[in-house]
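Structural description and commentary
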Amino acid sequence: MANGNQQFSFQHPQSYYYLWHLAALGVLDATFGPLTQGGEVDFSSPTINGTVWDTINEAFPAATAPATVALIDVGVSRSHPNLKSRLDAVKSIDLVSHPYGAKYVAAPAASPYDPEVKAAFFTGLSTAGLGALNLTGPETAYLGSLLAELVASEGVLHTLIEGDETFGSHGTAVAGLVVGEPAATVAPAIALPDVLIADDGSAVPNPNRNTLPYFGVDPLSRLISIRTGFEQQPDQFIAAFLYAFANGADVILLPRGIPDPVRGALNAKPELSQDLDDRTNWERADLFARLEEATPPASEIRPHAVGKTANRDVAWNILAKLIVAISRKVPVVCAAGNDGESQVIYPASLAAANNGIIAVGAVTPNGYRSGYSNYGAKLTLVAPSDDFEIYNRHQLRVDRTDPMVDQHYYHPGKGKVIPHSHFSLLTTDLPGTFGYAGGSDPYSSILPPLDNQGIGGGYYTAFGGTSGAAALVAGVAALTARAHKAKHGPAARLDGMASKANLIAACDQNASVKPGTTQLTPDPMNADNEPAKGKAYFFGAGLLDAGKAVAAVLGP
């Protein structure tokens with residue numbers, strides 16, 4: 001049954017270029033077209049006129065020094081063919097399975113019965129080079145004690161890689177957007193067998209069966225994976241940031257929030273309750289008040305309860321000050337959050353003019369903020385990503401490519417109709433059953449081996465969120481860091497403040513998000529009059545242009 005509302009009737013999804021986000025960022029100089037028979041622009045096969053990679057190479061053809069991105073997330077697949085040469089397996093570390101770190105060594109014949117080998121990973125760790133941290137006396141004592149413990153500690157070497165290959169789907173997707181590179185491929189006309197015959201006569205999966213010529217923003221840079229969890233453990237994150245700094249990261253990427261019990265909470269904003277002050281909404285206000293009265297108190301057992309000690313606040317305070325201090329030396333790129341709120345999550349909320357923290361929001365090719373993307377005064381800039389349906393009093397954003405859309409009747413009321421985008425970010429996926437895509441049987445039904453060939457699929461996935469947008473910005477920061485090394489030598493560093501300033505200068509609040517043609521446009525998300533707050537409130541400095549950022553570093 002049709003919904004009777006032509007404005008929201010079913011619309012066939014349009015094909016689009018799998019690296020459209022690189023064109024939107026200016027990494028690829030792409031021309032989209034021509035018009036299709038239906039009068040729409042062909043978004044699937046653009047003409048590539050040039051790349052930022054070529055720009056750096058042409059300016060300094062002998063330069064080969066990569067930039068290094070430290071990814072603080074949930075782990076990265078080290079067996080993925082588009083990532084394994086980009087991932088620094090020696091420096092990558094797991095802070096979840098062992099408090100003093102765990103690393104993994106290639107051992108195809110490894111078994112769960114192989115003993116762990118002790119190893120020290122924090123030797124020489126310190127805050128030297130960070131300048132004044134402005135710590136209080138108790139904070140200084142706490143950090144000194146923690147550093148001494150880490151320096152004297154011993155982690156473990158594992159011969160199994162189950163952690164990253166089981167739980168690293170988010171990190172693997174993020175890593176691909178940053179540093180993914182083409183895997184070995186062959187001409188399309190050549191038929192690829194499912195198996196190959198090894199030297200000993202045994203049949204082995206064909207490693208080139210289901211791989212793509214995939215590109216991240218900077219496929220010539222390297223990535224250090226620092227695996228962290230979601231527990232309220234500030235020491236783990238203090239160790240992660242110090243480890244990233246000590247191991248020479250040119251960019252630090254945090255595509256998630258940190259569970260600080262105070263700073264991590266989003267606070268109610270005035271616009272979220274102002275409509276309830278309107279006389280016509282008093283009944284709603286009364287209902288909310290009654291629901292609040294009826295809500296039972298917190299349960300007696302709190303699964304995340306911690307001891308009543310001031311040291312917990314001390315540790316979180318140290319982490320906040322440490323992130324700010326490190327960001328002045330190394331840009332720290334953070335996701336703004338996916339709550340649709342007019343405030344960004346922590347630690348993106350630490351972004352300020354006097355530090356190198358970059359809070360990244362998401363936008364769509366339609367020129368609007370992604371439906372889920374957080375925004376507000378702390379937002380630094382935006383990058384392309386996917387979208388999310390919204391149906392509230394202020395706007396109606398409906399996915400018309402949903403086959404079920406005709407089964408419903410939509411009406412925006414007094415809200416504004418915002419076009420929904422079906423574009424998403426294609427990126428690398430954790431091979432096998434634990435990835436987003438999952439792969440196909442029989443190969444996805446078992447835990448991937450050390451060197452998973454993925455012939456059952458599951459190498460790639462649609463992705464998005466401000467995590468994806470932040471990953472793209474971190475890739476551009478890596479590009480500019482690599483351009484700086486190409487011009488000034490392998491040891492040259494573009495500090496956090498300079499990197500952030502350069503990226504902001506390369507943004508445009510009036511840009512369109514290719515292949516779209518509509519300029520960035522504010523949308524009413526939490527209040528009808530929100531667009532009056534201006535473009536900076538929704539897009540920060542605007543959409544980042546990688547070409548401009550790299551050109552500024554390379555200079556005349």
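The notes below deal with the structure included here.

The next thing to look at is the overall build of the protein. When you go through the protein residue by residue, the secondary structure sums to 13 helices and 21 strands. Burial analysis of the protein (556 residues in total) assigns 51% to the buried set. Of the contacts formed within the protein by residues at least 6 apart in sequence, a portion of 77% connects residues at least 24 apart. Surface accessibility of the protein: about 24600 Å² in total, with carbon and sulfur atoms responsible for 56%.

Tallied over the entire structure, the rule returns 10 salt bridges. Between Asp 387 and Arg 397 there is a salt bridge; the shortest N-O distance is 3.0 Å. With a gap of 10 residues between them, Asp 387 in the loop between strand S14 (381–384) and strand S15 (390–391) and Arg 397 in strand S16 (residues 395–397) connect regions that are remote in the sequence. Take Asp 387: its relative accessible area is 9%, and that puts it in the buried class. What makes Arg 397 buried here is its relative accessible area of 1%. With a closest N to O distance of 3.3 Å, Asp 523 and Arg 397 form a salt bridge. On the criterion of sequence distance, the pair formed by Asp 523 in the loop between strand S20 (507–508) and helix H12 (535–539) and Arg 397 in strand S16 is long-range, its members being 126 residues apart.

Further remarks concern the packing of aromatic side chains. Scanning the entire structure with this criterion turns up 15 aromatic pairs. Measuring from ring centre to ring centre gives 5.4 Å for Tyr 17 and Tyr 18, while their planes differ by 80°; the resulting arrangement is edge-to-face. Its relative accessible area of 13% is what places Tyr 17 among the buried residues. Since its relative accessible area comes to 26%, Tyr 18 is described here as partly exposed. Aromatic pair Tyr 391 and Tyr 410: ring centres 6.0 Å apart, planes at 50°, arrangement tilted. With Tyr 391 in strand S15 and Tyr 410 in the loop between S16 and strand S17 (416–417), this pair connects stretches of sequence that are 19 residues apart. Ring pairs connect the aromatic residues Tyr 16, Trp 20, Phe 32, Phe 43 and Phe 423, which therefore count as one cluster. Of note, Arg 256 hangs over the ring of Phe 230, and the distance from its end group to the ring centre comes to 4.2 Å. Sitting above the plane of the Tyr 537 ring, Lys 533 keeps its charged end 5.1 Å from the centroid.

This part is about the pairing of S14. Residues Leu 381 and Ala 383 line one face of S14 and the alternating positions Val 382 and Pro 384 line the opposite face, and both faces are buried. Here strand S13 (residues 357–363) pairs with S14 via 4 bridges, running parallel. Residue pairing in the sheet places Val 360 in a bridge with Leu 381 of S14.

Next up on the list: the pairing of strand S7 (residues 155–158). Relative to S7, strand S5 (residues 102–104) runs parallel, the two being bridged by 3 bridges. When the sheet's bridge partners are listed, Ala 102 is paired in S7 with Val 156. By the bridge criterion, 3 bridges tie strand S6 (residues 117–119) to S7 in an arrangement that is antiparallel. Directly across from Val 117, in S7, lies its bridge partner Leu 157.

This brings us to the environment of Arg 312. Counting through the fold element by element, Arg 312 comes out in helix H9 (residues 311–329). Judged by relative accessible area, which is 37%, Arg 312 ranks as partly exposed. Distance from Arg 312 to Pro 261, taken between C-alpha atoms, is 9.8 Å for residues 51 residues apart in sequence.

Attention now moves to helix H13 (residues 546–554). Within H13, the full set of buried residues consists of Ala 546, Ala 549, Val 550, Val 553 and Leu 554. Buried residues of H13 fall within an arc of 130° about the axis and therefore sit on the same side. Taken together, the buried residues of H13 touch helix H1 (20–25), helix H2 (52–59), helix H10 (465–488), helix H11 (496–505) and strand S21 (543–544). One or two steps after H13, the chain reaches Gly 555, where phi turns positive at roughly 70°.

The next point concerns unusual backbone geometry. Generally, phi is negative for residues other than glycine and the peptide bonds are trans, each holding for most cases. Cis geometry marks the peptide bond from Tyr 346 to Pro 347; its omega dihedral reads 10°. Looking at the element boundaries, Pro 347 is found in the loop between strand S12 (332–335) and S13. With an omega dihedral of 5°, the bond running from Lys 514 to Pro 515 counts as a cis peptide bond. Residue position: Pro 515 is located in the loop between S20 and H12. Positive phi is not limited to glycine here, since Asn 134 has a value of about 55°. Mapping Asn 134 onto the fold places it in the loop between S6 and helix H3 (137–151).

On to H11. For H11, the set of buried residues is Gly 496, Ser 499, Lys 500, Asn 502 and Leu 503. The arc that holds the buried residues of H11, viewed along the axis, is 160°, so those residues lie on one side.

The strand order across the open sheet built from 3 strands is S15-S16-S17, with neighbouring strands paired in mixed fashion. A strand with exactly one partner marks an edge of an open sheet, and here the two such strands are S15 and S17. As paired elements, S15 and S16 share 2 bridges and run antiparallel to each other. In the strand pairing of S16, Tyr 391 is matched with Leu 396.

What counts as what
- Residues numbered from 1 in each chain as written.
- Predicted model: local features only at pLDDT ≥ 70, side-chain atom pairs only at ≥ 80, totals over all residues.
- Heavy atoms only, no water.
- Helix = DSSP H or I, 4+ residues; strand = E, 2+ residues; numbered from the N terminus.
- Buried < 20%, exposed > 50% of the residue type's maximum accessible area, 1.4 Å probe, protein only.
- Contact = heavy atoms within 4.5 Å.
- Areas by Shrake-Rupley, 256 points an atom, 1.4 Å probe, with all protein chains shown as cover.
- Salt bridge = Lys/Arg side-chain N within 4 Å of Asp/Glu carboxyl O.
- Phe/Tyr/Trp six-rings, centres within 6.5 Å; stacked < 30°, edge-to-face > 60°.
- Lys NZ or Arg CZ within 6 Å of the ring centre and 35° of its normal.
- Pairing = 2+ DSSP bridges.
- Arc of directions from axis to C-beta.

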